[in-house]
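Letter by letter, the chains look like this.
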Amino acid sequence: MSTTTAGTTTLTDKQQRILHYLRENGATKTYFKSRLIGDELGLTAKEVGTNMTAIADGNFDVEVEKWGYSSSTTWKVSA
């Protein structure tokens, strides 16, 4: 199942959950590890990383940039 968000960008349910998580936590935090996002959302770090690319490439109210790779991919998020 997918939903259209921000114009023509279509996100899956997992991607929508990750985007919602980033919107909720982006105001107080800048860096997020895939592993920790996954722990919060019941996903694996690999699932988060795979789905984060769609959010990073999309046109949303948060900017996502791959930042580091130690012990789990780290993402820089600007809300």
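Residues numbered from 1 in each chain as written. Predicted model: local features only at pLDDT ≥ 70, side-chain atom pairs only at ≥ 80, totals over all residues. Heavy atoms only, no water.

Packing of helix α1 (residues 13-25) against helix α3 (residues 45-57) brings their axes to within 9 Å, and their N-to-C directions diverge by 80 degrees. Judged on the interaxial angle alone, α3 and α1 are roughly perpendicular. Contacts between α1 and α3 involve Lys14, Gln15, Ile18, Leu19 and Leu22 from the former and Glu47, Val48, Asn51, Met52, Ala54 and Ile55 from the latter. (Axes fitted to C-alpha atoms, helices over the stretch in contact; angles between N-to-C directions. Helix = DSSP H or I, 4+ residues; strand = E, 2+ residues; numbered from the N terminus. Parallel < 35°, antiparallel > 145°, perpendicular 65-115°, else oblique. Contact = heavy atoms within 4.5 Å.)

Using the criterion set out here, one finds two salt bridges in the structure. A salt bridge links Glu47 to Lys14; the nearest nitrogen and oxygen atoms lie 2.6 Å apart. One end of the pair, Glu47, is in helix α3; the other, Lys14, is in helix α1, and 33 residues separate them in sequence. For Lys14, a relative accessible area of 32% translates into the label partly exposed. (Salt bridge = Lys/Arg side-chain N within 4 Å of Asp/Glu carboxyl O. Buried < 20%, exposed > 50% of the residue type's maximum accessible area, 1.4 Å probe, protein only.)

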